[in-house]
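Report on the structure
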Amino acid sequence: MPAPLTFAVPKGRILDEALPLMARAGVVPEAGFHDKSDRRLAFGCTSEDYRVIRVRAFDVATFVAHGAAQVGIVGSDVIEEFDYSDLYAPVDLGIGRCRLSVAEPAAGAASIDGASHVRVATKYPGLTRQYFEARGVQAECVKLNGAMEIAPALGLAGRIVDLVESGRTLVENGLVETATVMEVSARLIANRAALKTDPRVSALVERFRELAA
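Residues numbered from 1 in each chain as written. Predicted model: local features only at pLDDT ≥ 70, side-chain atom pairs only at ≥ 80, totals over all residues. Heavy atoms only, no water.

Okay, the sheet that holds strand β6 (residues 98-105) next. Taken together, 5 strands build an open sheet; the order of strands is β8-β7-β9-β6-β10 and the sheet is mixed. Each edge of the open sheet is held by one strand with a lone partner, namely β8 (138-143) and β10 (175-184). Strand-to-strand twist in this sheet, taken as the mean axis angle between neighbours without regard to direction, amounts to 30°. In the sheet, strand β7 (residues 117-122) pairs with β8 via 6 bridges, with the strands oriented parallel. Bridge pairing links T122 to K143 in β8. Taken strand by strand, helix α4 (residues 125-133) contacts β6, β7, β8, β9 (159-164) and β10, and its axis lies near 160° from that of β8. (Pairing = 2+ DSSP bridges. Helix = DSSP H or I, 4+ residues; strand = E, 2+ residues; numbered from the N terminus. Axes fitted to C-alpha atoms, helices over the stretch in contact; angles between N-to-C directions. Contact = heavy atoms within 4.5 Å.)

Written out as structure tokens, the structure reads:
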């Protein structure tokens, strides 16, 4: 019997929306997966064809791109930031919708017109540099993995680039959105080599494509 396909999912907000879609596609994690106190990263499924790993969003893309997982779900922000050649993103699942935005202190929000350099706190240095370079501005990126909203108040950076859903967290920290870098939604991703060599991967992709239609 072939080894089970490894399906990578992100911890956090996308996962709750992804689980019903996964179930309809036949990928149903074992009961322990839903136990918040369970620290395991890998879980069996009700079907022996699959196992699920629960990791950070950025790691989902890495596991799938390198073939350690064959299929996964992750935000389009992560896909665009890494731009892995071995990663195929065939299906927009229509969940996890938000936006990657530029934000800065409401009291000091200003246009970047005429600026030659900005300092930005973000966990998306690639997308951030691309965005500002397209506008003729050099972006010095300070890499943070969390607590982004407090960076301007502490003088670490004048702006941030981060995911925004409702915008409430920005307001509570005295920030205001000044631009949208990209609209974001969750995508089904697959390893290109696995897609070509394992018919179970292509069949799973087709099931998700039908569900998302």
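As a further point, take the nonpolar core. When a protein is soluble and globular, its nonpolar side chains tend to lie buried together. L87, L100, F132 and I189 are the most contacted members of the largest nonpolar core, which has 30 residues in total. Contributing elements (two or more residues each) for this core: β3 (50-55), α2 (57-65), α3 (76-82), β6, β7, α4, β8 and β10. It is α2 that contributes the most residues to this core, 5 residues altogether. The residues that make up this core include at least three from each of domain 1 (5-96 + 185-212) and domain 2 (98-183). L19, M22, I73 and A186 belong to the second-largest nonpolar core, a separate cluster that totals 29 residues. (Core = buried A, V, L, I, M, F, W, Y, C linked by side-chain atoms within 4.5 Å. Buried < 20%, exposed > 50% of the residue type's maximum accessible area, 1.4 Å probe, protein only. Domains from an automatic or database assignment.)

Okay, the domain arrangement of the protein chain next. Taken domain by domain, the protein chain comprises domain 1 (5-96 + 185-212) and domain 2 (98-183). The gap between the C-alpha centroids of domain 1 and domain 2 is 29 Å. Taken as a group, R13, D77 and E81 account for 59% of the area that domain 1 buries against domain 2, more than any other trio of residues on that side. Summed over the shared surface of domain 1 and domain 2, the result is 0 salt bridges. Our count for the contact surface shared by domain 1 and domain 2 stands at 4 residue pairs in polar contact (both at pLDDT 80 or more). The biggest single contributor to the side of domain 1 that touches domain 2 is α3, with 4 residues. Tallied by class, residues from the side of domain 1 that touches domain 2 come to 1 nonpolar, 3 polar and 4 charged. (Buried area = accessible area lost by both parts, 1.4 Å probe. Salt bridge = Lys/Arg side-chain N within 4 Å of Asp/Glu carboxyl O. Polar contact = N/O pair within 3.5 Å; in protein donor to acceptor, adjacent residues only side chain to side chain. Nonpolar A, V, L, I, M, F, W, Y, C, P; charged D, E, K, R; others polar.)

Across the sheet, 6 strands lie side by side as β2-β3-β1-β4-β11-β5; this open sheet has mixed pairing. With one partner strand each, in any of the chains shown, β2 (42-44) and β5 (87-92) form the two edges of the open sheet. Strand-to-strand, the axes of this sheet are offset by a mean angle of 30°, without reference to chain direction. Strand direction decides the pairing type here: strand β1 (residues 5-10) and β3, joined by 6 bridges, are parallel. Looking at the pairing, T6 lines up with R51 of β3.

To continue, consider the pattern of salt bridges. Enumeration over the complete set of coordinates arrives at 10 salt bridges. With a shortest N-O distance of 3.6 Å, D92 and R187 are connected by a salt bridge. Of this pair, D92 sits in strand β5 while R187 sits in strand β11 (residues 186-191), placing them 95 residues apart in sequence. Look at D92 and you get partly exposed, because its relative accessible area is 34%. Notably, a salt bridge pairs R200 with D198, separated by 2.9 Å at the nearest N-O pair. Residue classification places R200 among the partly exposed residues on the basis of a relative accessible area of 21%. Connected through shared salt-bridge partners, E30, D38 and R40 make up one network.

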